[in-house]
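Chains, contacts and geometry: an overview
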Amino acid sequence: MLVTFVTQVLPKTARLRTLGMSAEIAARLRTMIQEGELPPGVRIDEKAFCDAFDVSKTPLREALKVLVAEGLVLHRQYIGYRVAPLDLDELRATFETLHGLEAHAGDLAAQRINDAALAKIERKHQAMIDAHDSGRRTDYFRINQEIHQLIVDSADNAVLSGIYATLMSKVHRARGAANADLMRWQESHEEHEAIMTALHEPGRPRLANILREHSENTAREVLRVVELTLAESGEPAARVANARRGR
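Read on for a plain summary of the structure. Predicted, not measured: the structure shown is a model, and the values here were computed from it.

The rules we used
- Residues numbered from 1 in each chain as written.
- Predicted model: local features only at pLDDT ≥ 70, side-chain atom pairs only at ≥ 80, totals over all residues.
- Heavy atoms only, no water.
- Helix = DSSP H or I, 4+ residues; strand = E, 2+ residues; numbered from the N terminus.
- Buried < 20%, exposed > 50% of the residue type's maximum accessible area, 1.4 Å probe, protein only.
- Contact = heavy atoms within 4.5 Å.
- Areas by Shrake-Rupley, 256 points an atom, 1.4 Å probe, with all protein chains shown as cover.
- Salt bridge = Lys/Arg side-chain N within 4 Å of Asp/Glu carboxyl O.
- Pairing = 2+ DSSP bridges.
- Phe/Tyr/Trp six-rings, centres within 6.5 Å; stacked < 30°, edge-to-face > 60°.
- Core = buried A, V, L, I, M, F, W, Y, C linked by side-chain atoms within 4.5 Å.
- Polar contact = N/O pair within 3.5 Å; in protein donor to acceptor, adjacent residues only side chain to side chain.

1. Some remarks on the overall build of the protein
- If you tally the helices and strands in the protein, you get 11 helices and three strands.
- Helices and strands in the protein line up, N terminus first, as α-α-β-α-α-β-β-α-α-α-α-α-α-α.
- Counting the 247 residues in the protein, one finds 47% classified as buried.
- Taking contacts inside the protein between residues at least 6 apart in sequence as the whole, the part at least 24 apart equals 72%.
- For the protein, the accessible area works out to roughly 12,300 Å², and carbon and sulfur atoms hold 53% of it.

So, in structure tokens, the structure goes:
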């Protein structure tokens, strides 16, 4: 089943033909992990990926060593490689902070956003709609992230933008896993339509609340997916129970 999945994600026309095979493999796998195509805890089937990339095990393992060093992949002798699980406590705390940042950015953006920034967000939103309508989930998710950063940037507060970008990088992989769910994908799309409506309202009085609600809905789904993944991968039950209590 994994072989079929991998070959669908990486068709033969996209297979590797460069000298820097291990670096390119690492880049491909890194993107798949960060965008949720390889969810937390999933086992990395070396044979399946060798077939998908049309390479031997040597460059694949070199790439996996890089991802192990980055903390994205775990390796255990005699067991093999798997995508590193996510820390629920850290995710929950990060999201709680992001909710406040989204709302604060909304308050400031309502007052400070200029026509050029709004036009850029509109173009990105249209690109996101196109990705949604054509089923390009990875592109949709990437543009979705860019829109959020643009809205925060439109608050015209460099410190806020920097903190937000740093925290978003911590939850990027988890958000990718949650957005792999088609139902949440549709819900997120509808919430972004509401954000755009709020951006065009006189005075933008609803923008901060809508941004916060969207952040809370995203966090709820992300934590649900990660909790389920931990339970299926056999992580300690107490850790999952603590996550439930904290939600």
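2. Observations concerning the pattern of salt bridges
- If you walk through the whole model with that rule in mind, you get 14 salt bridges.
- The shortest N-O distance in the salt bridge between Glu70 and Arg30 comes to 2.8 Å. With Glu70 in helix H4 (residues 57-70) and Arg30 in helix H2 (residues 21-34), this pair connects stretches of sequence that are 40 residues apart.
- For Glu201, the salt bridge is made with Arg206, and the minimal N-O distance between the two is 2.6 Å.
- By relative accessible area, Arg206 is classed as partly exposed at 38%.
- Connected via shared salt-bridge partners are Lys124, Arg136, Asp139, Arg142 and Glu146.

3. Some points on the sheet that holds strand E1 (residues 43-44)
- Taken together, three strands build an open sheet; the order of strands is E1-E3-E2 and the sheet is antiparallel. A single partner strand is all that each edge strand has here, and the edge strands are E1 and strand E2 (73-76).
- The pairing of E2 with strand E3 (residues 80-83) spans four bridges and is antiparallel. Bridge pairing in E3 places His75 opposite Tyr81.

4. Quick look at the environment of Glu190
- Mapped onto the secondary structure, Glu190 falls in helix H9 (residues 182-200).
- Taking the C-alpha atoms as reference points, Glu190 and His214, separated by 24 residues in sequence, lie 10.0 Å from one another.

5. Topic: the packing of aromatic side chains
- Counted by the stated rule, this structure contains one aromatic pair.
- The interplanar angle of 25° and the centroid separation of 6.1 Å between the aromatic rings of Phe49 and Phe53 together place this pair among those described as stacked. Placement of both Phe49 and Phe53 in helix H3 (residues 46-53) is noted, with a separation of four residues, approximately one turn of the helix. There is no split in this pair, since Phe49 and Phe53 are both buried.

6. Observations concerning the nonpolar core
- By size, the foremost hydrophobic cluster in this structure holds 21 residues, and its most contacted members are Leu91, Phe95, Leu98, Leu160 and Val226.
- Among the secondary structure elements, those contributing two or more residues to this core are helix H5 (88-112), helix H8 (158-179) and helix H10 (207-232).
- Leave out the neighbours within four places in its chain, and Val226 touches Leu86, Leu88, Leu91 and Ala174.

7. A short note on the pairing of E3
- Here two bridges tie E1 to E3, and the two strands are oriented antiparallel to one another. When the sheet's bridge partners are listed, Arg43 is paired in E3 with Arg82.

8. Examining the environment of Asp87
- Relative to the elements of secondary structure, Asp87 occurs in the loop between E3 and H5.
- Under the relative-accessibility criterion, Asp87 is labelled partly exposed at 35%.
- For Asp87 and Ala174, which are 87 residues apart along the polypeptide, the C-alpha to C-alpha distance reads 9.6 Å.
- At 3.0 Å, the side chain of Asp87 and the backbone nitrogen of Asp89 are in polar contact.
- A polar contact of 3.0 Å, which involves the side chain of Asp87, links it to the backbone nitrogen of Glu90.

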